[in-house]
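Single-letter residue listing:
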Amino acid sequence: MPSSKEYLNYILDQLSPLSEISYRPMMGEYIIYYKGKIAFEICDNRLLVNPVPAALKMLPNAPLEPPYAGAKDMLLVENVDDGELLRSLVEKIYCEPPAPKPRKTK
């Protein structure tokens, strides 16, 4: 089941105090970026984050779930109503994932 635009907008509203938040639709789902790096994935109206050390520390009891069949498990962010938690999570995990690779031009 694809994620709804309403759910995406709700998450974006929670993150709105941060600058440089963007998103990209991907086959009915969404990827949310912070300063050009992947912050969250929205799959089946669930907010997921990579299980990097900062995320594991902030969400120690979060269940691990795959975004889709065959994918690696990610942390499920259950309390999406806590905008302060979401913003803090984005800022803390920002330094952990690698920078995006530059695209090759043809």
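Use the structure listed above.
Definitions and limits used
- Residues numbered from 1 in each chain as written.
- Predicted model: local features only at pLDDT ≥ 70, side-chain atom pairs only at ≥ 80, totals over all residues.
- Heavy atoms only, no water.
- Buried < 20%, exposed > 50% of the residue type's maximum accessible area, 1.4 Å probe, protein only.
- Helix = DSSP H or I, 4+ residues; strand = E, 2+ residues; numbered from the N terminus.
- Arc of directions from axis to C-beta.
- Pairing = 2+ DSSP bridges.
- Contact = heavy atoms within 4.5 Å.
- Axes fitted to C-alpha atoms, helices over the stretch in contact; angles between N-to-C directions.
- Phe/Tyr/Trp six-rings, centres within 6.5 Å; stacked < 30°, edge-to-face > 60°.
- Lys NZ or Arg CZ within 6 Å of the ring centre and 35° of its normal.

Visitor: I keep staring at helix 3 (residues 83-93) and nothing clicks. Help me out?
Guide: Residues spaced three or four apart along an α-helix point in a common direction, a consequence of the helix completing one turn every 3.6 residues. Looking at helix 3, one finds that the buried residues are Gly83, Leu85, Leu86, Leu89, Val90 and Ile93. The buried residues of helix 3 occupy one face: seen down the axis, they fall within an arc of 160°.

Visitor: Sorry if this is basic, but what is going on with the sheet that holds strand 3 (residues 37-43) here?
Guide: The six strands are arranged 1-2-3-4-6-5 in an open sheet whose pairing can be described as antiparallel. At either end of the open sheet lies a strand with only one pairing partner, and these are strand 1 (21-26) and strand 5 (64-65). The pairing of strand 4 (residues 46-49) with strand 6 (residues 74-77) spans three bridges and is classified as antiparallel. Of the residues in strand 6, the one forming a bridge with Leu48 is Leu76. Each of strand 1, strand 2 (29-34), strand 3 and strand 4 is contacted by helix 1 (residues 5-15), which is oriented at about 15° to strand 2, the strand it contacts most. Contacts from helix 3 reach strand 2, strand 3, strand 4 and strand 6 within the one sheet, and its direction differs from that of strand 3 by about 135°.

Visitor: How do you make sense of the packing of aromatic side chains when you look at a structure like this?
Guide: Each aromatic ring pair is specified by the distance between its two centres and by the angle formed by the two planes. Under the definition given, this model contains two aromatic pairs. Their ring planes at 70° and their centres at 6.0 Å tell us that Tyr23 and Tyr30 sit as a pair that is edge-to-face. Note on Tyr30: relative accessible area 11%, which makes it buried. Note on Tyr34 and Tyr94: the rings are 5.4 Å apart at their centroids and 80° apart in plane angle, and the pair reads as edge-to-face. Taken together, the residues Tyr34 in strand 2 and Tyr94 in the segment after helix 3 connect sequence positions 60 residues apart. Between Lys35 and the ring centre of Tyr94, over which it is positioned, the NZ or CZ distance is 5.4 Å. One Lys or Arg, Lys37, reaches over the ring of Tyr94 and ends 4.6 Å from the middle of that ring.

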